[in-house]
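Each chain is listed here by its residues.
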Amino acid sequence: AAGVIQSPRHLIKEKRETATLKCYPISRHDTVYWYQQGPGQDPQFLISFYEKMQSDKGSIPDRFSAQQFSDYHSELNMSSLELGDSALYFCASSTGSREKLFFGSGTQLSVL
Amino acid sequence: AQTVTQSQPEMSVQEAETVTLSCTYDTSESDYYLFWYKQPPSRQMILVIRQEAYKQQNATENRFSVNFQKAAKSFSLKISDSQLGDAAMYFCAYGSNYQLIWGAGTKLIIKP
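Below is a short write-up of the structure. Remember, predicted model here, so these are calculated numbers, not experimental data. (Residues numbered from 1 in each chain as written. Chains lettered and ligands numbered in written order. Predicted model: local features only at pLDDT ≥ 70, side-chain atom pairs only at ≥ 80, totals over all residues. Heavy atoms only, no water.)

1. Quick word on the environment of A:Ser48
Residue and element names in this part refer to chain A. In this structure, Ser48 sits in strand S5 (residues 44-50). With 17 residues separating them along the chain, Ser48 and Thr31 place their C-alpha atoms 7.2 Å apart. Polar side-chain contacts of Ser48 include one of 2.6 Å to the side chain of Ser55. (Helix = DSSP H or I, 4+ residues; strand = E, 2+ residues; numbered from the N terminus. Polar contact = N/O pair within 3.5 Å; in protein donor to acceptor, adjacent residues only side chain to side chain.)

2. Section: the packing of aromatic side chains
Describing an aromatic ring pair means giving the distance of the ring centres and the angle of the ring planes. For the coordinates displayed, the defined rule picks out 16 aromatic pairs over all chains. Ring geometry for A:Phe90 against A:Phe103: centres 5.7 Å apart, planes inclined by 90 degrees, an arrangement best described as edge-to-face. Of the two residues, A:Phe90 sits in strand S9 (residues 87-94) while A:Phe103 sits in strand S10 (residues 102-103), which places them 13 residues apart along the sequence. Accessibility assignment for this pair places A:Phe90 and A:Phe103 in one class, buried. Seen in terms of ring centroids, A:Phe103 and B:Trp102 are 5.9 Å apart; in terms of plane orientation they differ by 70 degrees. Their pairing is edge-to-face. Pair noted here: A:Phe103 is in strand S10 and B:Trp102 is in strand S11 (residues 100-102), and the two residues belong to different chains. Accessibility assignment for this pair places A:Phe103 and B:Trp102 in one class, buried. (Phe/Tyr/Trp six-rings, centres within 6.5 Å; stacked < 30°, edge-to-face > 60°. Buried < 20%, exposed > 50% of the residue type's maximum accessible area, 1.4 Å probe, protein only.)

3. Some thoughts on the side chain of B:Lys38
Residues and elements named next belong to chain B. On the secondary structure map, Lys38 appears in strand S5 (residues 33-39). No salt bridge forms around the buried Lys38; measuring N to O, its nearest opposite-charge neighbour Asp86 is 4.4 Å away. Separated by 3.0 Å, the side chain of Lys38 and the backbone oxygen of Gly85 make a polar contact. Ignoring sequence-local partners within four residues, the contact set of Lys38 consists of Gln44, Met45, Ile46, Val48, Gly85, Asp86, Ala88, Met89 and Tyr90. (Lys, Arg positive; Asp, Glu negative; His and termini not counted. Salt bridge = Lys/Arg side-chain N within 4 Å of Asp/Glu carboxyl O. Contact = heavy atoms within 4.5 Å.)

4. So, the state of the cysteines
All names here are of chain B. As enumerated under the stated definition, the model contains two disulfides over all chains in all. Between the sulfur of Cys23 and that of Cys92 lies a disulfide, 2.0 Å long from S to S. Judged by the torsion about the S-S bond (-65 degrees), the Cys23/Cys92 disulfide is left-handed. Of this pair, Cys23 sits in the loop between strand S3 (19-21) and strand S4 (24-26) while Cys92 sits in strand S10 (residues 88-95); the two residues are 69 residues apart in sequence, bridging distant segments of the chain. Cys92 shares its class with Cys23; the two are buried. (Disulfide = S-S within 2.5 Å.)

5. Notes on the pairing of strand S6 (residues 53-57) of chain A
All names here are of chain A. Where S5 and S6 come together, four bridges link them in antiparallel fashion. Residue pairing in the sheet places Phe49 in a bridge with Gln54 of S6. Taking the residues that link successive antiparallel strands as the turn, the S5-S6 hairpin has two residues, and the phi of Glu51 there is positive, at about 50 degrees. (Pairing = 2+ DSSP bridges.)

6. Brief notes about the environment of B:Pro9
All names here are of chain B. Positionally, Pro9 belongs in the loop between strand S1 (3-5) and strand S2 (10-14). Judged by its relative accessible area of 62%, Pro9 is exposed. Distance in space between the C-alpha atoms of Pro9 and Ala53 is 25 Å, their sequence separation being 44 residues. Not counting residues up to four positions away in its chain, the partners in contact with Pro9 are Gly105, Thr106 and Lys107.

7. Some points on unusual backbone geometry
Residue A:Ser7 is joined to A:Pro8 through a cis peptide bond whose omega torsion reads -10 degrees. Structurally, A:Pro8 can be placed in the loop between strand S1 (5-7) and strand S2 (10-13). Positive phi, close to 75 degrees, is recorded for B:Arg43, a residue that is not glycine. Overall, B:Arg43 belongs to the partly exposed group, its relative accessible area being 24%. Despite not being glycine, B:Asn62 has its phi angle at roughly 55 degrees, a positive value. Take B:Asn62: it is sitting in the loop between strand S7 (60-61) and strand S8 (64-69). Judged by relative accessible area, which is 80%, B:Asn62 ranks as exposed.

Shown next, in the form of structure tokens:
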């Protein structure tokens, strides 16, 4: 079975530009999570969605927004990019809040 | 607020031997769940094992098992018959709703 798909795998942007990261969860998974992982750091929770509604919010900057669509895929929109936004962005999906989270391969964002 | 502590930044083990990675957490909740994830150099986040707090029986997955001590708030991971492919960063994570709280990680080195 296909796992969580994230696109693009790598993204290079300039400061103050915008970026959109996409996540396609495992089939029949209704919950999507976004995490940010800086170099040598543990993942930081950004936001999650359950059945297309935001279910929890973590340390997501106001410059970022996200949504889950009717087909359950999710997009993370990032505006006014800063150097500090350079990180690996993971999407994960599950069948509920207490179930196993399966992670995508991540999108490596580099802001120059 | 919940916290997760992994006190071993780095551990090494001889191939085929057994190693135990430590994790402690702090919470006032009674209903929660715990994970171990591994992150190899590819940076893919891979689920190793999951434990529900209400279950007294320790979870096992092939060569991986946990020692869950709820009263002591301890959740250690034992890897038996260590293999070269086990070399990775191992993260302990705590969850009670939609977001996971992560430890800082333990880097596991396998000596051939």
